[in-house]
Amino acid sequence: MNAHSHREESFFRKYIWSTDHKIIGLQYGLTALLFLSVGFFLMMVMRWQLAYPETPIPFVGSFFGEDGILLPEIYNSLGAMHGTIMIFLGVVPLAVGAFGNYLVPLQIGAPDMAFPKLNAASYWSYFIGGVIMMGSFFSEEGAARSGWTSYPPLADIEVGQTIWLIGMVFLITSSLLGSMNIITTIVQLRAPGLTWRRLPFFVWTQLVTSFLLVLAFPPLEAAAVLQLMDRVAGTSFFLPSGLVISGEALAVSGGGSPLLWQHLFWFLAHPEVYVLILPAMGIVSEVIANNTRKPLWGYNSLVFSVIFLGFMSFVVWAHHMFLTGMGTAMSSFFQITTMIISIPSVIILSALFISLWGASIRFNTPMLFALAFLPMFGIGGLTGLPLGIAASDIYLHDTYYVIGHFHYVVAPGTIFALFAGIYYWYPKITGRRMNERLGQLHFWPSLLFMNGVFMPMFIQGLAGVSRRLWDGGLEYAHAAGVLQWNEFMSISAWLLGISQIPFIINIFFSLKRGEKVDRNPWEATTLEWVAPSPPLPHINFETLPEVHREAYEYSVPGRNRDFTPQTEPKKG
């Protein structure tokens, strides 16, 4: 294998219709970042309505009504599409599609994914699903209005949901193709000497994440097809008998179960939480190990924890359904499993905190985002425990407390980890380092305003404010004492948006003006840093690497430098 073994390709073949895992990873990443910006924009419009109900929206109000005032049904659409876009079009494709595609082959010493054409099909299925979702805004019916969970019977009869379901089928298919590819690649294409116990922790998290996608997404895809049939073919899989709409009985055969959809949806959507967080944990682990110059504390515990966490994520789904009347026996079962699944998360978080002990920490931008991930994810996890107990969930269910909990896991949690990964691996992708001053200007306001957006949600949720009130609770007496937080959270959200401008500038500025670096600017140990920066098209490495060491041999006593690459042979 050599640097000249690849053929010259046209622009379209190289960058558009590529089968190179690195280009596909970049396609995933850029597309996901674009969708994240759209989802964030929808949120900022919603926050205007919550802060200043029935007040014309400045600048973009004409897109949402003749007088610029957001109608309740449009607010519902923005809420449903914000959740859908941020999760299924943004964070998951970025965490798995972008980071998984680009880095897994490099970290295991493979020339490419096991199935390059299947990899390309995965991206284009995702892209088509995203276009369909975005196109729903311009359709006659409009975008989905039934929430990102698409609960029937409302989702079976409300306008806009058909296009949403078609888009979801494409997005689910994309995840299934990509995750099967990642599993096969890790199992079959590891470099010589790269045993399971020498794998970087990031690769373990991608492997478990891919298993979650393969096992949990098919039930939701089946459910989406069944709900689509309810809408277009007259079936009633999720429509109960005797359903009355606007005073008239709905003319369907009946006998369907709305709760069946909830079971099928949450059987995917709770593992989906770990699809979001596991790659983030893997990214943070790589950054912390490198910037503490120490091996990860408790590598075996970390690996066993993510495997156990992946297994347990399939037996906790009904803690989202305590209010459906499942009975005390089943409630008790799902309470217990929910408490059990918190244990591996605590082990992982504790191991990462312990890894910091006694370290000479390099406080660069990727490390700052990685460090911020730890308490932010900790807040998200701890606030989730009351939601896993039936008695407290009865009070907190569907309030802003739930929104605060989930967003602490995903926004200052997962997204901070993804930022850490972008700053950390940018030199590998481009051969240049991102600007450190712009990075700091991005981090500190983001940390401040992220908490400004989500921390007050716990206060509102504990006051009983529902999360789906288009006026933020203005008409509800029990919300009067906490309404002042709406404006505070909205201003924080808009300032958070402004705080992302240095990041956008940094990405493009550093492509041309960033400091040029060699193949291993962070002095790291894992295999991706053995490849050139950027790696060679289609083959990655000049010669096939051979692994002789564990993943994180930092600061080993008696060595003449504080890192030892995995490819360095052992003496004697």
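A brief report on the enclosed structure follows. (Residues numbered from 1 in each chain as written. Predicted model: local features only at pLDDT ≥ 70, side-chain atom pairs only at ≥ 80, totals over all residues. Heavy atoms only, no water.)

**Digging into the overall build of the chain**
Moving on, step 1. Counting secondary structure elements, the chain contains 16 helices and four strands.
Moving on, step 2. Overall, the chain is about 85 × 55 × 50 Å in size when its C-alpha atoms are taken along their principal axes.
Moving on, step 3. For the chain, the exposed area adds up to about 22,900 Å²; of that, 68% sits on carbon and sulfur atoms.
Moving on, step 4. Taken as two groups, the 29 positive and 33 negative side-chain charges of the chain have centres that lie 17 Å from each other. (Helix = DSSP H or I, 4+ residues; strand = E, 2+ residues; numbered from the N terminus. Areas by Shrake-Rupley, 256 points an atom, 1.4 Å probe, with all protein chains shown as cover. Lys, Arg positive; Asp, Glu negative; His and termini not counted. Charge placed at Lys NZ, Arg CZ, Asp CG, Glu CD.)

**Some remarks on the pattern of salt bridges**
Moving on, step 1. All told, the structure shown has eleven salt bridges when counted by the stated rule.
Moving on, step 2. With a shortest N-O distance of 3.8 Å, E550 and R198 are connected by a salt bridge. Of the two residues, E550 is situated in the segment after β4 (515-516) and R198 in the loop between α6 (161-188) and α7 (201-232); the sequence distance between them amounts to 352 residues.
Moving on, step 3. Salt bridges sharing partners connect three or more residues here, namely R293, E523 and D562. (Salt bridge = Lys/Arg side-chain N within 4 Å of Asp/Glu carboxyl O.)

**Structural notes on the packing of α6 against α7**
Moving on, step 1. Two elements in contact, α6 and α7, have axes whose closest approach is 8 Å; the angle formed by their N-to-C orientations is 155°. Looking at the two axes, α6 sits roughly antiparallel to α7. Regarding α6 and α7, the two cross each other, and that crossing is left-handed.
Moving on, step 2. When its residues are assigned to classes, the contact of α6 with α7 shows 22 nonpolar, eight polar and two charged. (Axes fitted to C-alpha atoms, helices over the stretch in contact; angles between N-to-C directions. Parallel < 35°, antiparallel > 145°, perpendicular 65-115°, else oblique. Left-handed = near helix turned anticlockwise from the far one by under 90°. Nonpolar A, V, L, I, M, F, W, Y, C, P; charged D, E, K, R; others polar.)

**Quick notes on the environment of A370**
Moving on, step 1. One can find A370 in helix α11 (residues 365-384).
Moving on, step 2. Spatially, the C-alpha atom of A370 lies 6.8 Å from that of V287, the residues being 83 residues apart in sequence.
Moving on, step 3. With sequence-adjacent residues up to four places away left out, A370 is seen in contact with V284, V287, I288 and A420. (Contact = heavy atoms within 4.5 Å.)

**So, the nonpolar core**
General note: in soluble globular proteins, nonpolar side chains tend to be found buried as a group.
Moving on, step 1. Membership of the largest hydrophobic core comes to 172 residues, with the highest contact counts inside it found for F99 and F373.
Moving on, step 2. Each residue touching F99, except ones within four places of it in the same chain, is listed here: L94, V104, F202, Q206, I283, L418, G421, I422 and W425. (Core = buried A, V, L, I, M, F, W, Y, C linked by side-chain atoms within 4.5 Å. Buried < 20%, exposed > 50% of the residue type's maximum accessible area, 1.4 Å probe, protein only.)

**Some words on the environment of I132**
Moving on, step 1. Tracing the chain through its elements places I132 in helix α4 (residues 116-135).
Moving on, step 2. With 35 residues separating them along the chain, I132 and G167 place their C-alpha atoms 5.4 Å apart.
Moving on, step 3. Once you skip the residues sitting within four places of it in the chain, I132 turns out to touch I163, I166, G167 and F170.

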